[in-house]
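Chain by chain, the residues run as shown.
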Amino acid sequence: MRQLIVHYWKEKVRSPFWQKSIFLNILLGFVAIYLILNFIALSLFADKILLNAYPNQSVIFSFSKILFYYFLLDIVFRFFMQQLPVISIQPYLTLPIRKRTLLHFPLIRSVFSFFNLLGLVLIIPFFIKVIAPTETVSYSLCWLITVISLIFINNFINFFLKKSFSKKPLVVIVLVALIGLLLFMDVTGTVSISIVFANFLSNVSLSGFWVLVPLATLFFFYYLAYALLKNNAYIESPESNVNTKIGKFRTLSNKGVIGSLIGSELKLILRNKRPKSGLYLSIFFLLYGFIFYNELYLDKIYMLAFVGLFVTSALAIIYYQYVFSWESSFFDTFLVQKISANNFVASKYYLFALMCTVSYLITLPYAFINYKIAIVNTAMFLFNVGISSIIIFYSGTFSVSFIDLGKSQFMNYQGTGAHHFIMMIPLFGLPLLIIWLFDSFGMKDYGIYALGIIGALAIIFHKYCINFVSHQLVKQKYRMACGFRE
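The structure presented is a predicted model; accordingly, all values stated were derived computationally and were not measured.

The rules behind these values
- Residues numbered from 1 in each chain as written.
- Predicted model: local features only at pLDDT ≥ 70, side-chain atom pairs only at ≥ 80, totals over all residues.
- Heavy atoms only, no water.
- Helix = DSSP H or I, 4+ residues; strand = E, 2+ residues; numbered from the N terminus.
- Buried < 20%, exposed > 50% of the residue type's maximum accessible area, 1.4 Å probe, protein only.
- Contact = heavy atoms within 4.5 Å.
- Areas by Shrake-Rupley, 256 points an atom, 1.4 Å probe, with all protein chains shown as cover.
- Axes fitted to C-alpha atoms, helices over the stretch in contact; angles between N-to-C directions.
- Parallel < 35°, antiparallel > 145°, perpendicular 65-115°, else oblique.
- Nonpolar A, V, L, I, M, F, W, Y, C, P; charged D, E, K, R; others polar.
- Patch = residues over 30% accessible without salt bridge, like charges linked within 9 Å, V, L, I, M, F, W, Y side chains within 5 Å.
- Salt bridge = Lys/Arg side-chain N within 4 Å of Asp/Glu carboxyl O.
- pLDDT = per-residue confidence, 0-100.

1. Focus: the overall build of the protein
Broken down by element type, the protein carries 24 helices and 0 strands. Relative to its 486 residues, the protein shows a buried fraction of 44%. In the protein, the proportion of contacts linking residues at least 24 apart, taken out of those at least 6 apart, comes to 81%. By element, 70% of the accessible surface of the protein is carried by carbon and sulfur atoms, the whole surface being about 25,500 Å².

2. Focus: the packing of helix α14 (residues 256-271) against helix α15 (residues 273-285)
The contact between α14 and α15 brings their axes to 5 Å, and the two run at 85°. By the angle between their axes, α14 is roughly perpendicular relative to α15. Residues L268, I269, L270 and R271 of α14 lie in contact with α15, whose contacting residues are K273, P275, K276 and L279. Per-class residue counts for the contact of α14 with α15 are 5 nonpolar, no polar and 3 charged.

3. Some details on a nonpolar patch on the surface
On the surface, a cluster of nonpolar side chains totalling about 1,300 Å² of accessible area is made up of Y371, I375, F441, M443, Y446, Y449, I453, L457, I460, F461 and Y464. Every element with two or more residues in the nonpolar patch is listed here: α21 (371-396) and α23 (444-460). Considering every element that reaches the nonpolar patch, the biggest residue donor is α23, with 5 residues. Assignment of secondary structure puts L457 in helix α23. Since its relative accessible area comes to 46%, L457 is described here as partly exposed.

4. Comments concerning the confidence of the model for the protein
Mean pLDDT for the protein: 80, with 82% of residues reaching 70 or above. Confidence drops under a pLDDT of 50 for residues 235-248, and excluding neighbours within four residues, the segment shows 14 contacts in the predicted structure.

Now the structure itself:
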């Protein structure tokens, strides 16, 4: 086990991406420290915040209610963002190492996940400040053991969600929908599930014997995760049923070169872990409207435009930020085959437009909250298809970093370069600048109409925009191919 830990550390430190992206890793380190400090501050001041919010309730009881929301959302975030340490054991399967040790290693390693650390820094300061000084030793220990057990239960549940999604995606979709329904029912007061959870946590803490229930549940899910790894720990995994379901996209293949290229890209998305997980993650961002579409922001046109820009293009922007890097492992094929740069870019443009259309239709019901949302989102949808697509594609021609399609999305920054951060300036700054120009003349609302008109004109003349990007791609293609080979 010790040797496996040493190998894992060397794997991370010696990876080309780690060595070439020191600045990015330092930046991510500061972001992680910032999040941890925020969670610690939130935990330390939770008692004062909860006293102001719920003056007639016990602070511990109120905090337990908040934990109900935390654990539900934690499952969702883990599913989309937590990387499972499974692939790294495959090189050892041919060596004379006990398989049991290899299987326990990724499970134990997952205990040190960043998500588990965030849960601990949210719990422990509150426990030290509020619970330990005011409650009995028995109550305090039982409460702490129960909550920590729930954190790690979520960790091992994530194993099942990840594996189940590849075989039965409908099961996971139903589970996520159920979590959303539970949150909705509790927030609206239909069923106070958070109160039931808080009472359960209190009863378990009062009776020391019942603390065995969360502990037994934790060991149960650990064993199931172990069994799951044991049943799937082979040098070569059986082919996924996804490939048989994808088919050959014959309808698209009949639409000429561009249709065939679109079909190939859809296969790339659905058959590879990183683009597929990125696409699933983008679905979560479609729900941003529930956070920002309220009375606090409905009269703020800048916020409506920013959210509208994001939700009407979430599916497309999350995926197409690596627009040409997805083909990095076989980009040389593009150089030698009779595929024109114009058709190559056009196929990506039409798929980008399709993704934006799907995002727009999914988020259209937000208009029931306020009619302004429909106007703003329609304008931003047109702007995304017409202008944002060209900004992203042009930026993509500066990509020179290889992407491993089999890796997970979480904490994986292969393919990320300085141009991604520079791209954000015109992508989000340009529409806000146009609104500001109209606002300075007292015509704030007309800025939204201007964005829609600009986007519509760009869509009408999209062939010229595609030609502009394809010429840039021709100039950069050999530099890109050289970078992708490294």
